[in-house]
Structure formats: structure tokens, C-alpha cells
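Fold and contact review
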2 protein chains.
Amino acid sequence: MRHCCPAGLRLAELDDCARGGPEQAAPLCVLSGIPLDAEAPAMKIRSFAFVVAFAGIIARAAAADPLPSWNDAAPRQAVLDFVARVTTENGPDFLPPEQRIAVFDNDGTLWAEQPAYVQLAFAVDRIRALAPQHPEWADQQPFQAILAGDLKTALASGEKGIAEILAATHAGMTTEEFERIVADWIAAARHPQTGRLYTDMVYQPMLELLAHLRANGFRTYIVSGGGTEFMRPWTERIYGIPPEQVVGSRGKLKFELRDGAPVLLKLPEVDHIDDGPGKPVGIQQMIGRRPVLACGNSDGDLQMLEWTTAGEGPRFGLVVHHTDAEREFAYDRASSVGRLDKALDAAGEHGWTVIDMRRDWNRVYPTAAD
Amino acid sequence: MRHCCPAGLRLAELDDCARGGPEQAAPLCVLSGIPLDAEAPAMKIRSFAFVVAFAGIIARAAAADPLPSWNDAAPRQAVLDFVARVTTENGPDFLPPEQRIAVFDNDGTLWAEQPAYVQLAFAVDRIRALAPQHPEWADQQPFQAILAGDLKTALASGEKGIAEILAATHAGMTTEEFERIVADWIAAARHPQTGRLYTDMVYQPMLELLAHLRANGFRTYIVSGGGTEFMRPWTERIYGIPPEQVVGSRGKLKFELRDGAPVLLKLPEVDHIDDGPGKPVGIQQMIGRRPVLACGNSDGDLQMLEWTTAGEGPRFGLVVHHTDAEREFAYDRASSVGRLDKALDAAGEHGWTVIDMRRDWNRVYPTAAD
């Protein structure tokens, strides 16, 4: 094919043509129908420049990489292929938009979960903030240990201790009061090692994947063991995921009138634990349809991945493997925040795609160079 | 203003112009800029006809009555005014689309609930269908009474009896098995008095209201005391409300593997009763935002109406009052399916709009003349 970029155009106008090279630029000549061999009059040049520029915009839009932080490796290609397959009308795997439901774990899947769950850091900060009103905590576990900075002893108090921490920090106020407390905290709280805002430690490749899915008619949900009410105040701003698409663990709520005004009071009782086998239950309660794409990073996501990928038709399972000690954290089948043991084995059995963070992502966080 | 409909156009082309009369048609002359006093050449006539026809389409779209089954009375106007106010950009009551959440009770609000809740008819039919597999029911209450057609005695067995009915008919199968059972039943089940399909006894004015709200960027939710899993199989087809926007009562679910395939088993235990004070709780669990419009028809909707209308900014409460013995049913502050007592008083106190079905709706059901 002959190169059709004519001389005499401004550099900017030529830019797309030049970068595209003869193979890409040639069809534009066909489209514009301009006889390039003739001496082109000014109007034709302008017309041609317009066509080139316009086609360049279209080409850029079509060619824009939706996953620039993903290396050109198997996971990236698998994701792109799946989305292309289920959105190809009249194709064998086409899914109508209402069935395009994608579920993502949060801790360790959308943001960092090491050295401890962010919600635990929130609880610890709340206990410190509330301590002046609770002098009795000075010699009462697990509060004493938390105030002394000894999280290990605090958590060793087991389920009873954790229930007391949750009751003290996540109950006894209205849903709207709690929302404000969380919103204020998350706006300022920083990771103990990196000093970054927690919300700056979300994974840029996952933000791109969420956006790519939504651009293709998917609804994206969080399905997390974390508290629903802890996530909702910030997930829309950070991930573009609205409150009604956040499925998490819940405490019981009680409706009551306070001075005639209706409120929802957060009670110190567990209503739903959205982890492990609780995840498909939470999905059914809140969504009522089986997702077609699930993404997790631990054995707590095993049943969600099983439930999602066992459905009929096209399905996609995705597992994040934390292998990057330099940019993030490296932890494998057992770690301080849980296990990735059965889920990793199941990934092999079921053909789920495993993301090796170190190998497959060229960037981890959205802000600052990694 | 002078009438600008020119002679010589075909009747169909003139139709809109003629019906609009001089006041409506005159601005079209200004828009088209055609000198009507002059003898118009064919091209200009064609051009004018096009403008008239096009403007006619726009006028029809703008003027199309979104609530044709609502009489021109206060409730209709109040609904239209509210929707107009919250969708007027830069207006004082403008709400961004994500805040446009409308919640509707189901039984007695979107479809008929007399002489008994449809879900109870479903349970009775299921007990009849399952009876051959349960010979012990022949002398065991509440089953004996149900099989003898004596619903009054069956329900007199109180909470324990109702729990047994629910356990026998709503549990012990997977969510997908239950979905098929409900879908098959609702496709054929008919009202004992009218002989119509239950799904033909939805209220046409409410279908119009739901559609009008959605056309104006609202998301419409059902918030019902009925079972979530009982409603989801048909609400999208009948109301245009998808499964994830159905908030109802729930039984507990259990994830398990059956021959290696994951299923969700319906357990005979109550998880959430979405009635009365349970409605704001269900709303918070599943939506996580306070609605701006709520519509109900009984005291079971009181707290949902209170919670919705107590929020800041524009709010709208709507109460259906069943006053039409001829076309539907007439029942007031106390009836076999519940009470409309506190909610009716509260409507007066809070300025909620009360729909008098007999007076305010010119049509009740979508099929057949009422």
C-alpha cells in the first residue's frame, strides 16, 4: 500500500497519519477519495486534514487501552477476551446487560489489606478516640491492650473480644452518625508503613478493570467480609461503586423515633457475616442473580468464585495473588490476614485466571510512582 | 396571533397544526421562517410540512399524558409536580439521579391483596400439591385445615402454624428450584373471585407511575412484607422492577455443595421480616440511601413513609386508600389483611398524598374494562 500522508500539512495534523504508518493511514485515502497525485488545492488539503484528524480521533478512541496498568500477559488478555465475548451481539456468548454482574472482594482485591484490615485500624482509632469517655477501659481487655498498642493481645481475646471491639466502635449510634464518623476518618487515615491515605492504596489496575466493565454495560458490586456501612461512605468516590452495590457484613439495625424523628440505630449484634459461604448468601440477598464474573484474593472468596463460575453460560473467575514485596506485599498460602490455599488450588481446577501482581501489573497504586 | 396553518397540506400533515390551534401553531411559523402570505412554492410547502410534522412529534412527546389512568385531581397533580420539581436543573429542589429513589409496597399498593395475600394462596396451593407426599398432614394442623379449605382455622394456629406452613412451602429446596416453582405457579394462578391471573390484577395507574418515575431518572424499588424470593421471579416482567430492586422478607439461606455443584438452600428460619419497622431496616440493608418517595397502603408502611419523608430536601409520601367496592375492594381502617389506621392519620399530619381509588383512578387494572 502506498503512503497517503500529503506534504504541506501542519505537524499536528499529520501526527496521527505519521504514527499510524502506511497500513493505518491508507484506508483514509479511500474514505476521503482525494486524488493525492494531483496538486491539491487549499480546500482539498483542509478537507483531507479534517478527515485525517477526525479518523485519528476515532482510531485513538477505539485503540485506547482500557487496561494500561496491566502488562501484556495472559490475565490482561483473558479479561479483554471475556468482555469482548459477552458483549458481541449475536455471538454465542452474548449476555444481555442485566446479566452482566461482576462481584469483587475488597480487602486485598481492590485495596491493600496488609499489615491489617483497614477496618481494624478504624476500630483501633475509634477506641483511642473514645477512651477518655471510658476510664474503665484502662484495665479491661481487649481495650487495655489496644490502648497500649498491643493488637496481638487484643485479638487473642478471640470472638468475645472482637465482639466487644465491634460493639464499642460500630454500634450505639445511628446509621447516619456512623456514616459521618467513617467519612471523617477515611479522609485522613494513613497506612502505618507507607504514610499514604488508605484510599490511595487502591489498585490502579483494578480501577481500570472496574471502569472497563462498566463501560461495557456491567454492574460492578463489592462483595466483602468488611462492614457494609464501613464501605458505603467512600466506595462511590473511590471505586465508582454506589451504596446499593456494596454487599458486606452487617450488624442488626433497629428503627426508632428519637424526639419524633425516625432513626436507624446500629445494634451490637451480628446480622450477616459476608465471608466464605456467606458471600453467595449475601449476593442472593442483595442482587438476586448469579454474577458472571467474580474476583477475589483469599479462601474467603472461594465460595463466591464457585457460585459465580458454576452457572451456565460464559463465566470468569479471577484471583489476585500478592507476589510483589517491593511495590506492595508478598504473601502466599498463609498470612496474617487469611489464607489463599483452597482458592489457589481451585483456580487450577476450574480454570480461573490468577493475577501475579509482580508480573502482571506494571503499576500498583494510582498516585505516585510505585 | 394569526393562524399559520397553510392550505394545501395533506390532512395528516395538518393534523397537529389544526389540533394545536393558533396559539400552539404560531411559534412554528417563527421557527420555520416561511412567508405564509406569499404563494409558497412546492419546496417551501414540503419544508414547512416537515417542520410542522417534526414539531408535532415533539409536541406529542411533550404533551403525552404519562398518567392517563389518573383522573385530573389533586394526587395526579401532586405526583407530576413533585417529579417536575426534583428534575428541574438549577431549581431549588433538584435532585441528582442517584438520589431519585422511590419505594413501593406491593400487596394492596401495586396489586390487589383481597381477599387474602397472593403469597398465602401460593402456600395453600403448594400444600395441596405436596399433600400426596405427606400423608401425615391428613390429621396434623395447620395442614389438615388447609387441605379442608378452612383457612380461618389454619391461620388461627398462630405464629407456630404460619411458621410450619412457610417451612413446608418455602424451604427445603434450592433458590433456583423455588424460583421455578413460583414462576410456574404465577403463570397460571387466578384470583378466586375474578378468575383473572393475579398478574392481571396489578394497578394500571401504578404501572404508569412507575414508568413515569423511571423515565425521569428514578430507580423504583419494591419494599414489601412479602417474600423477596416469591416476588423476584415475576416483578421485572410485570412491573419493570429487577430482582436487585426487590426488598422483602427473607428466610435464611445456606451455601452447600451438592455433588460438587454449589447451591443455596432455603432454610425454614426467618432472616428478616420486612414489615412495619422492618421496612426502613430492609431499605438500609439493600439500598443504603434514604428514598425520596414512598408509597404504601397500610400501617405496615408507616415507618417506611416516616423514614422516607423525614429526610432533608424534597420528599413525597403517597398512601393508597381502597375505596372502590365496584372495581376493586373497599376497606378502610381495619380489614382482613391489616389496618390503615395510623398511616391514614399520619398522612394528615405529614402532608402525605392520599389516593382515593374510586375518585382518583379512572381505571384500575391494565387488561379488560374495569
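Before reading on, note that the structure itself is shown above.
Description of the structure in this document. (Residues numbered from 1 in each chain as written. Chains lettered and ligands numbered in written order. Predicted model: local features only at pLDDT ≥ 70, side-chain atom pairs only at ≥ 80, totals over all residues. Heavy atoms only, no water.)

Things to note about the packing of helix α4 (residues 118–130) of chain A against helix α7 (residues 158–170) of chain A
Residues and elements named next belong to chain A. Between α4 and α7, the shortest axis-to-axis distance is 9 Å and the interhelical angle comes to 65°. In terms of axis orientation, α4 runs roughly perpendicular to α7. Our pair here, α4 against α7, has a crossing hand that is left-handed. Across the interface between the two elements, Q119, F122, A123, R126, I127 and L130 from α4 touch I165, A168, T169 and H170 from α7. Each residue belonging to the contact of α4 with α7 can be placed in one class, and the counts come to six nonpolar, three polar and one charged. (Axes fitted to C-alpha atoms, helices over the stretch in contact; angles between N-to-C directions. Helix = DSSP H or I, 4+ residues; strand = E, 2+ residues; numbered from the N terminus. Parallel < 35°, antiparallel > 145°, perpendicular 65-115°, else oblique. Left-handed = near helix turned anticlockwise from the far one by under 90°. Contact = heavy atoms within 4.5 Å. Nonpolar A, V, L, I, M, F, W, Y, C, P; charged D, E, K, R; others polar.)

Thoughts on the sheet that holds strand β4 (residues 261–272) of chain A
All names here are of chain A. The mixed open sheet is built from seven strands, whose spatial order is β4-β3-β2-β1-β5-β6-β9. If you trace the sheet from one side to the other, it starts and ends with β4 and β9 (353–356), each paired once. For this sheet the average axis-to-axis angle between neighbouring strands, irrespective of direction, equals 30°. Note that strand β1 (residues 101–104) and strand β5 (residues 293–296) share three bridges and pair parallel. Residue pairing for β5: A102 is matched across the bridge by L293. Each of β1, β2 (219–227), β5 and β6 (316–321) touches helix α12 (residues 302–309); the most contacted strand, β5, lies at about 165° to it. (Pairing = 2+ DSSP bridges.)

Section: the side chain of T309(B)
All names here are of chain B. Mapped onto the elements of the fold, T309 is located in helix α12 (residues 302–309). Reaching out from T309, the side chain makes a polar contact with the backbone oxygen of L305 at a distance of 2.7 Å. Of note is the side chain of T309, whose polar atom sits 3.1 Å from the side chain of W352. With near-sequence residues (within four places) excluded, T309 lies in contact with R315, F316, G317 and W352. (Polar contact = N/O pair within 3.5 Å; in protein donor to acceptor, adjacent residues only side chain to side chain.)

Some details on the pattern of salt bridges
All names here are of chain A. Summed over all chains, the structure comprises 44 salt bridges over all chains. One salt bridge in this structure joins D125 and R128, with 3.4 Å as the shortest N-O distance. Highlighted residues: D125 and R128, both in helix α4, separated by three residues, approximately one helical turn. D301 serves as the salt-bridge partner of K279, at 2.6 Å between the closest nitrogen and oxygen. Residue K279 is located in helix α11 (residues 278–286), and its partner D301 is located in the loop between β5 and α12; the two are separated by 22 residues in the primary sequence. Taken individually, K279 and D301 each receive the classification buried, so the pair is uniform in this respect. Residues participating in the shared-partner salt-bridge network are E177, K254, E256 and R258. (Salt bridge = Lys/Arg side-chain N within 4 Å of Asp/Glu carboxyl O. Buried < 20%, exposed > 50% of the residue type's maximum accessible area, 1.4 Å probe, protein only.)

Looking at a nonpolar patch on the surface
Taken together, the side chains of L151(A), L155(A), I162(A) and L166(A) define a hydrophobic patch exposed on the protein surface, amounting to about 280 Å² of accessible area. Checked against the element boundaries, L155(A) lands in helix α6 (residues 151–156). (Patch = residues over 30% accessible without salt bridge, like charges linked within 9 Å, V, L, I, M, F, W, Y side chains within 5 Å. Areas by Shrake-Rupley, 256 points an atom, 1.4 Å probe, with all protein chains shown as cover.)

Here's the deal with the interface of chain A and chain B
Each side of the interface is counted separately: chain A has 32 residues, and chain B has 32 residues. Taken together, both faces of the contact between chain A and chain B bury some 2900 Å²; the carbon and sulfur share is 55%. Interface area lost by chain A to chain B is led by E244(A), F255(A) and Q285(A), which between them contribute 21%. For the pair chain A and chain B, the interface holds eight salt bridges. Along the contact surface separating chain A from chain B lie 17 residue pairs in polar contact (both at pLDDT 80 or more). Taken together, the elements giving at least two residues each to the side of chain A that touches chain B come down to α8 (175–186), β2, α10 (228–239), β3 (246–258), β4, α11 and α12 of chain A. (Buried area = accessible area lost by both parts, 1.4 Å probe.)

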